[in-house]
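# Descriptive analysis of the structure
So the chains spell out like this:
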Amino acid sequence: MVDWLVPKVPRGLETYHLTMLTVVWSIGIVIASILARENIHWLWLVSAFIALQYLSDALDGAVGRFRDTGLVKWGFYMDHFLDYMFLASIIVGYGLVLQDIPWYWFMSMLVLGGAFMTKMFLSFAATNEFQISALGIGPTEMRLFFILVNAGIVLLGTAWVQISLPFVLAALTTVLVGLVFKTSKQLWRLDMEHKAAR
């Protein structure tokens, strides 16, 4: 679908415009979440913003390559910085909507999200290998997960979220610890090989 859309993107819409659209989608998510406190069906709009962010995020690099106008360093920096801001807007949105759940659960989600991204970038700096997904789960799968959570909240209510959230956080923490341990072992081995070769 992205390949089909790229030639149809208006000439006035450049790759950096598409990157910065994440700011618009993030603000929209927070506003729609505020509205969802009164009418939970506003979460459908949150899901629409998540889908739009996927589209603009997929198109920004593709448009840059197609037109040969990409900003590689700026694009890498801003794209991933705004990805974190986008994640933060979703979590803040849940904090606004799910008022019966203690705030520290959402802070824990935000910390874990930041920790996964920090692990990814530190690993890239140390190995020069950029892995955006873990255990086959990347940004696309996470967007789909949030859309499904929104549908579940609208259709089933919020009680299930409060029950499942501690288990989700425990699972994410376990995965993060495992990934850090694996990367640490890899880097230790590389350091030992480098020392032995001297």
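Residues numbered from 1 in each chain as written. Predicted model: local features only at pLDDT ≥ 70, side-chain atom pairs only at ≥ 80, totals over all residues. Heavy atoms only, no water.

### A look at the overall build of the protein
Stated precisely, the cut-off is as follows: The way it works is that DSSP assigns letters per residue, a run of H or I at least four long becomes a helix, a run of E at least two long becomes a strand, and they are numbered from the N terminus. Buried means the residue's accessible area, taken with a 1.4 Å probe over protein chains only, is under 20% of the maximum for its type, while exposed means over 50%, and partly exposed covers the values in between. By definition, residues are in contact when any of their heavy atoms lie within 4.5 Å. Per-residue accessibility takes into account occlusion by the displayed protein chains alone, with areas from the Shrake-Rupley method and a 1.4 Å probe.
Counting secondary structure elements, the protein contains 7 helices and 0 strands. Reading the protein from its N terminus to its C terminus gives the helix and strand order α-α-α-α-α-α-α. Judged by the C-alpha coordinates and their principal axes, the protein covers about 65 × 45 × 25 Å. Here the protein holds 198 residues, and 36% of them are scored as buried. Contacts spanning at least 24 positions in sequence make up 81% of the contacts within the protein whose residues lie at least 6 apart. Split by element, the accessible area of the protein, about 12,100 Å² in all, is 70% carbon and sulfur.

### Thoughts on the packing of aromatic side chains
Going by this rule: Centres within 6.5 Å make a pair out of two Phe, Tyr or Trp rings, where for Trp the six-membered ring is used; the pair is then stacked when the planes are under 30 degrees apart, edge-to-face when over 60, and tilted otherwise.
With the rule as written, the count across this model stands at 11 aromatic pairs. Here Phe76 and Phe124 contribute two aromatic rings whose centre-to-centre distance is 5.8 Å and whose plane-to-plane angle is 45 degrees, an arrangement assigned as tilted. One end of the pair, Phe76, is in helix 4 (residues 72–97); the other, Phe124, is in helix 5 (residues 103–127), and 48 residues separate them in sequence. Take Phe76: its relative accessible area is 33%, and that puts it in the partly exposed class. Relative to Phe130, the ring of Phe76 has its centre 5.4 Å away and its plane inclined at 65 degrees; by these criteria the two rings are edge-to-face. Taken together, the residues span a long stretch of sequence, with Phe76 in helix 4 and Phe130 in the loop between helix 5 and helix 6 (139–156) at a distance of 54 residues. Among the aromatic residues, those joined into a cluster by ring pairs are Phe76, Phe121, Phe124 and Phe130.

### Some remarks on the packing of helix 4 against helix 5
Spelled out, the test is: Fitted lines through C-alpha atoms give the axes, limited to the stretch in contact for helices. The angle between two N-to-C directions lies from 0 to 180 degrees. Each angle is binned into one of four classes, with values under 35 degrees roughly parallel, values over 145 roughly antiparallel, values of 65 to 115 roughly perpendicular, and all other values oblique. The hand of a helix crossing depends on one turn: near helix anticlockwise from the far one by less than a right angle means left-handed, and clockwise means right-handed. Three categories are distinguished: nonpolar for Ala, Val, Leu, Ile, Met, Phe, Trp, Tyr, Cys and Pro, charged for Asp, Glu, Lys and Arg, and polar for the others, with Gly belonging to the last.
The contact between helix 4 and helix 5 brings their axes to 9 Å, and the two run at 165 degrees. With respect to helix 5, the element helix 4 is oriented roughly antiparallel. When you trace helix 4 past helix 5, the crossing you get is right-handed. Of the residues in helix 5, those touching helix 4 at Phe76, His80, Asp83, Tyr84, Leu87, Ala88, Ile91, Tyr94 and Gly95 are Phe106, Met109, Leu110, Gly113, Gly114, Met117, Phe121 and Phe124. Partitioned by chemical class, the residues of the contact of helix 4 with helix 5 number 12 nonpolar, 4 polar and 1 charged.

### What to know about the pattern of salt bridges
Side chains bearing opposite charge may pair, as long as their charged atoms lie close to each other. Here is the rule: By salt bridge we mean one thing: a side-chain nitrogen of Lys or Arg within 4 Å of a carboxyl oxygen of Asp or Glu.
Evaluation of the coordinates by the stated rule reveals 3 salt bridges. Among the ionic pairs, Glu14 bridges to Arg67, the shortest N-O distance being 3.6 Å. A residue pair is termed long-range when its members are at least 10 positions apart, and Glu14 in the loop between helix 1 (2–5) and helix 2 (15–36) and Arg67 in helix 3 (residues 43–67) qualify at 53 residues. By relative accessible area, which is 19% here, Glu14 ends up buried. For Arg67, a relative accessible area of 12% translates into the label buried.

### Observations regarding the side chain of Asn150
Position of Asn150 relative to the elements: it lies in helix 6. When near neighbours in sequence (up to four residues on either side) are disregarded, Asn150 contacts Leu43, Val46, Ser47, Ile50 and Tyr94.

### Considering helix 2
Condition: Here the expected length of a helix is defined as 1.5 Å per residue gap, with one fewer gap than residues.
Taking 1.5 Å per residue, 22 residues should reach 32 Å; helix 2 reaches 32 Å between its end C-alpha atoms and fits that length. Taken residue by residue, helix 2 has Thr15, Leu18, Thr19, Thr22, Trp25, Ser26, Gly28, Ile29, Ala32, Ser33 and Ala36 as its buried positions.

### A few points about the environment of Ala196
Relative to the elements of secondary structure, Ala196 occurs in helix 7 (residues 159–197). In this structure Ala196 comes out as exposed when scored by relative accessible area, which is 65%. The spacing of Ala196 and Trp42 is 154 residues in sequence and 60 Å in space, taken between C-alpha atoms.

### Here we look at a nonpolar patch on the surface
Cut-off, in case you're wondering: Here, patches come from residues exposed beyond 30% relative accessible area and free of salt bridges, joined within 9 Å for like charges and within 5 Å for nonpolar side chains (Val, Leu, Ile, Met, Phe, Trp, Tyr).
Together, Tyr16, Met20, Val23, Ile27, Ile31, Leu35, Trp42, Leu45, Leu71 and Trp74 line one region of the surface with nonpolar side chains, adding up to about 820 Å² of accessible area. Looking at the nonpolar patch, the element that brings in the most residues is helix 2, giving 6 residues. With a relative accessible area of 32%, Leu45 lands in the partly exposed category.

### Points about helix 3
Think of an α-helix as 3.6 residues a turn; residues three or four steps apart then line up on the same face. For clarity, the threshold we go by: To get the bend at a given residue, fit one axis to the seven residues ending there, fit another to the seven starting there, and take the angle between those axes.
Between its first and last C-alpha atoms helix 3 spans 36 Å; for 25 residues at 1.5 Å apiece the expected length is 36 Å, and the two agree. Roughly 25 degrees is the biggest bend found in helix 3, and it falls at Asp60. Note on helix 3: the residue one or two positions beyond its end, Asp68, has a positive phi of about 55 degrees.

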